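# Working through the structure, step by step
One-letter residues, chain by chain:
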Amino acid sequence: MTKTRSKEAVALPLNTILAGDCVEAMNALPENSIDLIFADPPYNLQLRGDLHRPDNSRVDAVDDAWDQFASFETYDRFTRDWLRAARRLLKPNGAIWVIGSYHNIFRVGAALQNEGYWILNDVIWRKSNPMPNFRGKRFTNAHETMIWASKSEGARYTFNYEALKSLNEGVQMRSDWVLPICNGGERLKDANGDKAHPTQKPEGLLHRVIVGSTNPGDVVLDPFFGTGTTGAVAKMLGRDFIGIEREAAYREVAAKRLANVRKYDRESLQVTGSKRAEPRVPFGQLIERGMLRPGEMLTSINGKRSAKVRADGTLIADDVKGSIHQVGAALEGAPSCNGWTYWCFRRDGKTVPIDLLRQQIRAEMS
């Protein structure tokens, strides 16, 4: 099994833009080889005629041939085909993000489930600077929807919870993201000074997706590569990418863009890890190493409770004895207690959480 995986990894055209149809290109890649797929497929906008601003200037809307389908049935068949090809490529613990608008995302969501994916979240990208609704006949389209799904139910997908929490100033990341659309200096232009791509996504959006659901060294595939936002952010963040793009003009812009992208240094790529992933340290190890002594008294973080340390790494308080967690829970009359954050000891006249001792041991282990 190990040899097979090694051969597949070598066969992957890493950090390359593949030309041609995305389904054909994906079917030519080895199965179970991709960690994450970010897909920005055609939205099938079904535009009817030109759109103009109040001053009668024409809006540069998405009217390209690649976004036009003969019918919903045709679009659904296209969606099933590329989702099936994408799922074959994902590793068992891989995941996919698909972005869309009200024109297509509900059809894509149903197709995802029909193909065996397991939906984890739908995330609303709320645009802080959306394009107005010039006709004044509907609400301003101020958001797009992203669906995040694992390859199958029960899969062990990557989710860097603590890193996303750090991005959000220590607050749990929600499923509504407020980010601006791609504009200003980030918006790529062609030789005529026009938009190189009508639906270029902002790097900030991909930064959040890739930091949150991949690790350095992972392989990220974008089957609708466009001007290469996914590849650019993946490269900066120390991930490998594979792009697939049918349109030669977009490939040219993407290649030029990627040539100017530089990977961040190794130290900068480190993110806050999950506490669950840190090495387990038994409380008894603190006793064995003399960091705490049998007979030493611990006090609760609120100062209302106390317990004595015993030689086997248990505590005793009144008629209650057991682990740091069991004794803390019993004293508080709670169903559970995190003893590491509940108990403190005294050093040099100061109250110190025992968790600092655990972190000291973890630092030595790493």
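Scope of this entry: the structure provided in the associated data block. (Residues numbered from 1 in each chain as written. Predicted model: local features only at pLDDT ≥ 70, side-chain atom pairs only at ≥ 80, totals over all residues. Heavy atoms only, no water.)

Here the focus is the overall build of the protein chain. Of the regular secondary structure elements, the protein chain holds 12 helices and 14 strands. Taking as baseline every contact in the protein chain between residues at least 6 positions apart, the subset at least 24 positions apart corresponds to 68%. Of the roughly 20,200 Å² of accessible surface on the protein chain, 48% is carried by carbon and sulfur atoms. (Helix = DSSP H or I, 4+ residues; strand = E, 2+ residues; numbered from the N terminus. Contact = heavy atoms within 4.5 Å. Areas by Shrake-Rupley, 256 points an atom, 1.4 Å probe, with all protein chains shown as cover.)

Direction vectors running N to C along helix H3 (residues 72–89) and helix H4 (residues 105–114) enclose 45 degrees, while the axes themselves pass 10 Å from each other. Considering the angle they form, H3 stands oblique to H4. Between H3 and H4 the crossing geometry is right-handed. Contacts between H3 and H4 pair Phe72, Tyr75, Asp76, Thr79 and Leu83 from the former with Arg107, Val108, Ala111 and Leu112 from the latter. Class assignment of the residues belonging to the contact of H3 with H4 gives a composition of 6 nonpolar, 1 polar and 2 charged. (Axes fitted to C-alpha atoms, helices over the stretch in contact; angles between N-to-C directions. Parallel < 35°, antiparallel > 145°, perpendicular 65-115°, else oblique. Left-handed = near helix turned anticlockwise from the far one by under 90°. Nonpolar A, V, L, I, M, F, W, Y, C, P; charged D, E, K, R; others polar.)

Next up on the list: the packing of aromatic side chains. As enumerated under the stated definition, the model contains 11 aromatic pairs in all. For the pair tryptophan 82 and phenylalanine 224, a centre-to-centre distance of 5.2 Å together with 85 degrees between the ring planes defines the contact as edge-to-face. Linking tryptophan 82 in helix H3 with phenylalanine 224 in the loop between strand S7 (219–222) and helix H7 (229–236), this pair joins segments that are 142 residues apart in sequence. On the basis of an interplanar angle of 45 degrees and a centroid distance of 5.9 Å, the ring pair of tryptophan 97 and tryptophan 177 is categorised as tilted. Of the two residues, tryptophan 97 is situated in strand S3 (residues 90–100) and tryptophan 177 in strand S6 (residues 176–179); the sequence distance between them amounts to 80 residues. In this structure, tryptophan 97 and tryptophan 177 share a single accessibility class: buried. (Phe/Tyr/Trp six-rings, centres within 6.5 Å; stacked < 30°, edge-to-face > 60°. Buried < 20%, exposed > 50% of the residue type's maximum accessible area, 1.4 Å probe, protein only.)

The next subject is the pattern of salt bridges. As enumerated under the stated definition, the model contains 12 salt bridges in all. Here aspartate 355 makes a salt bridge to arginine 358, at a shortest N to O gap of 2.7 Å. A residue pair is termed a helical-turn pair when its members lie 3 or 4 positions apart in one helix, as aspartate 355 and arginine 358 do in helix H12 (residues 355–365) at 3 residues. Owing to a relative accessible area of 17%, aspartate 355 belongs among the buried residues under this scheme. The class for arginine 358 is buried, based on a relative accessible area of 14%. (Salt bridge = Lys/Arg side-chain N within 4 Å of Asp/Glu carboxyl O.)

Further remarks concern the sheet that holds strand S14 (residues 350–353). Judged by pairing direction, the sheet is antiparallel, and its 6 strands sit side by side in the order S12-S11-S10-S9-S13-S14 without closing on themselves. At either margin of the open sheet sits one strand with a lone partner, and together these are strand S12 (320–322) and S14. Strand-to-strand twist in this sheet, taken as the mean axis angle between neighbours without regard to direction, amounts to 35 degrees. Both strand S13 (residues 343–347) and S14 contribute to a ladder of 4 bridges, which runs antiparallel. When the bridges of S14 are listed, arginine 346 appears paired with threonine 351. Running at roughly 155 degrees to S12, helix H10 (residues 324–332) makes contact with strand S10 (306–309), strand S11 (315–317), S12 and S13 of the sheet. (Pairing = 2+ DSSP bridges.)

This part is about the nonpolar core. With 33 residues, the main nonpolar core has Phe38, Trp97, Ile99, Met146, Trp177, Leu205 and Val209 as its most contacted residues. The element contributing the most residues to this core is helix H6 (residues 203–213), with 5 residues. When near neighbours in sequence (up to four residues on either side) are disregarded, leucine 205 contacts Ile99, Trp125, Met146, Trp177 and Leu179. The next biggest cluster of nonpolar side chains, apart from the first, holds 32 residues, and it includes Val23, Ala25, Ala39 and Tyr75. (Core = buried A, V, L, I, M, F, W, Y, C linked by side-chain atoms within 4.5 Å.)

Two strands pair when backbone bridges link them, and strand S9 (residues 297–300) and S13 are joined in this way by 2 bridges, in the antiparallel orientation. Considered in S13, the bridge of serine 300 is made with tryptophan 343. Linking S13 to S14, which pair antiparallel, is a turn of 2 residues; within it aspartate 348 sits at a positive phi near 55 degrees.

By secondary structure assignment, the location of serine 152 is in the loop between strand S5 (143–150) and helix H5 (161–167). For serine 152, a relative accessible area of 26% puts it in the partly exposed group. In this structure the C-alpha to C-alpha distance between serine 152 and glycine 94, which are 58 residues apart in sequence, comes to 9.0 Å.

Looking at the element boundaries, methionine 146 is found in strand S5. Once the C-alpha coordinates of methionine 146 and glycine 100 are considered, the two residues, 46 residues apart in sequence, prove to be 6.4 Å apart. Those residues in contact with methionine 146 that lie beyond four places of it in its chain are Phe38, Trp97, Val98, Ile99, Asn121, Asp122, Val123, Trp177, Leu205 and Val209.

Following the sequence through the fold, threonine 227 ends up in the loop between S7 and H7. Take threonine 227: its relative accessible area is 2%, and that puts it in the buried class. In contact with threonine 227, other than residues within four places in its own chain, are Leu188, Ala196, His197, Gln200, Tyr250, Val253, Ala254 and Arg257.

On to the sheet that holds strand S1 (residues 16–19), then. Strand order in the open sheet formed by 8 strands is S1-S8-S7-S2-S3-S5-S4-S6, with mixed pairing between adjacent strands. Unpaired on one side and paired on the other, S1 and S6 mark the two borders of the sheet. Ignoring which end each strand starts from, the neighbouring axes of this sheet average 20 degrees apart. As paired strands, strand S2 (residues 34–39) and S7 are joined by 2 bridges and run parallel to one another. Its bridge partner lying in S7, leucine 36 is registered against valine 220.

Fair warning: the whole summary comes from geometry, so function is off the table for now.
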